[in-house]
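# Structure at a glance
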Number of protein chains: 2
Amino acid sequence: MKARIRITLKNGVLDPQGKAIQNALSALGITGVADVRQGKYIEVELAETSEDAAKATVERMCKDLLANSVIENYAYELQRA
Amino acid sequence: MKARIRITLKNGVLDPQGKAIQNALSALGITGVADVRQGKYIEVELAETSEDAAKATVERMCKDLLANSVIENYAYELQRA
């Protein structure tokens with residue numbers, strides 16, 4: 001089973017990397033960009049075949065390692081291989 | 001309109017960051033992880049309201065700045081605000 005995890009900064013947390021991208025886009029002449037936020041995207045290939053067990057594993061991964069719950073949110077989708 | 005862009009390494013491109021995550025998960029006692037690949041996730045808020053125009057803008061962003069087409073793939077979804 002494959003998990004696609006998106007980790008994003010919470011609203012209100014400064015995102016200098018996103019601002020840098022926004023400035024670079026504007027320097028390239030791409031206009032109409034109101035805001036850019038950069039996050040992380042992680043694909044995890046799980047041996048687990050049961051959806052409930054996979055969900056529990058991914059939740060644990062996100063809480064214990066991947067996301068810093070003080071400043072980051074996470075979301076994920078599971079997909080059968 | 002909001003674009004959610006995922007940038008991932010192409011198959012065959014080494015991903016040491018993903019490997020580091022995989023090792024850390026195993027050190028935490030989370031087993032059954034066959035593979036981990038890390039990518040980037042970027043949310044862009046566009047002033048554009050037409051879907052076709054937004055698509056063209058996002059394609060241009062990805063090709064010109066966000067993704068390195070030699071080693072990375074990109075995918076995105078558009079969502080009305």
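Here's what I pulled together on the structure shown here. Please read these numbers as outputs of a predicted model, since none were measured by experiment. (Residues numbered from 1 in each chain as written. Chains lettered and ligands numbered in written order. Predicted model: local features only at pLDDT ≥ 70, side-chain atom pairs only at ≥ 80, totals over all residues. Heavy atoms only, no water.)

## Notes on the packing of helix α1 (residues 16-27) of chain A against helix α2 (residues 51-66) of chain B
Relative orientation and spacing of two packed helices are given, respectively, by the angle between their axes and the distance between those axes. It is at 11 Å that the axes of α1(A) and α2(B) come closest, and there the two elements cross at 100 degrees. When the axes of α1(A) and α2(B) are compared, the pair comes out roughly perpendicular. Facing A:Ile21, A:Ala24 and A:Leu25 of α1(A), the residues of α2(B) in contact are B:Met61, B:Leu65 and B:Leu66. Classifying every residue of the contact of α1(A) with α2(B) gives six nonpolar, no polar and no charged. (Axes fitted to C-alpha atoms, helices over the stretch in contact; angles between N-to-C directions. Helix = DSSP H or I, 4+ residues; strand = E, 2+ residues; numbered from the N terminus. Parallel < 35°, antiparallel > 145°, perpendicular 65-115°, else oblique. Contact = heavy atoms within 4.5 Å. Nonpolar A, V, L, I, M, F, W, Y, C, P; charged D, E, K, R; others polar.)

## Overview of the pattern of salt bridges
With the rule as written, the count across this model stands at 14 salt bridges over all chains. The partner of A:Arg60 in a salt bridge is A:Asp64, with the nearest N and O atoms 3.4 Å apart. Of this pair, A:Arg60 and A:Asp64 both sit in helix α2 (residues 51-66), four residues apart, roughly one helical turn. Taking the shortest distance from any N to any O, the salt bridge between B:Arg4 and B:Glu43 comes out at 3.2 Å. (Salt bridge = Lys/Arg side-chain N within 4 Å of Asp/Glu carboxyl O.)

## Observations regarding the sheet that holds strand β2 (residues 33-46) of chain B
Pairing is antiparallel in the open sheet, where six strands are placed in the order β3(A)-β1(A)-β2(A)-β2(B)-β1(B)-β3(B). What marks the edges here is a single partner per strand, and that holds for β3 (72-79) of chain A together with β3 (72-79) of chain B. Across the sheet, the mean angle separating the axes of adjacent strands is 20 degrees when strand polarity is ignored. Against the sheet, α2(A) makes contact with β1 (2-9), β2 (33-46) and β3 of chain A together with β2 of chain B, and its axis sits at roughly 155 degrees relative to β3(A), the strand it touches most. (Pairing = 2+ DSSP bridges.)

## Thoughts on the relation of the copies chain B and chain A
Screw-axis analysis of chain B against chain A gives a translation of 0.0 Å along the axis, an RMSD of 0.0 Å, and a rotation angle of 180 degrees. The transformation just described matches what one would write down for a two-fold rotation axis. The overlap is high: 100% of the interface residues of chain B also sit at the interface in chain A, so the same surface is used on both sides. (Least-squares fit on C-alpha atoms with pLDDT ≥ 70 in both.)

## Quick notes on the interface of chain B and chain A
Contact with chain B, which involves 31 residues of that partner, is made by 31 residues of chain A. Counting each side, the surface lost to burial between chain B and chain A is near 2,600 Å², with a carbon and sulfur contribution of 68%. When residues of chain B are sorted by the area they lose upon contact with chain A, B:Ile30, B:Tyr41 and B:Leu65 head the list and together hold 21% of the total. Summed over the shared surface of chain B and chain A, the result is zero salt bridges. Where chain B touches chain A, the interface holds 12 residue pairs in polar contact (both at pLDDT 80 or more). Those elements giving two or more residues to the side of chain B that touches chain A turn out to be β1 (2-9), α1 (16-27), β2 and α2 of chain B. (Buried area = accessible area lost by both parts, 1.4 Å probe. Polar contact = N/O pair within 3.5 Å; in protein donor to acceptor, adjacent residues only side chain to side chain.)

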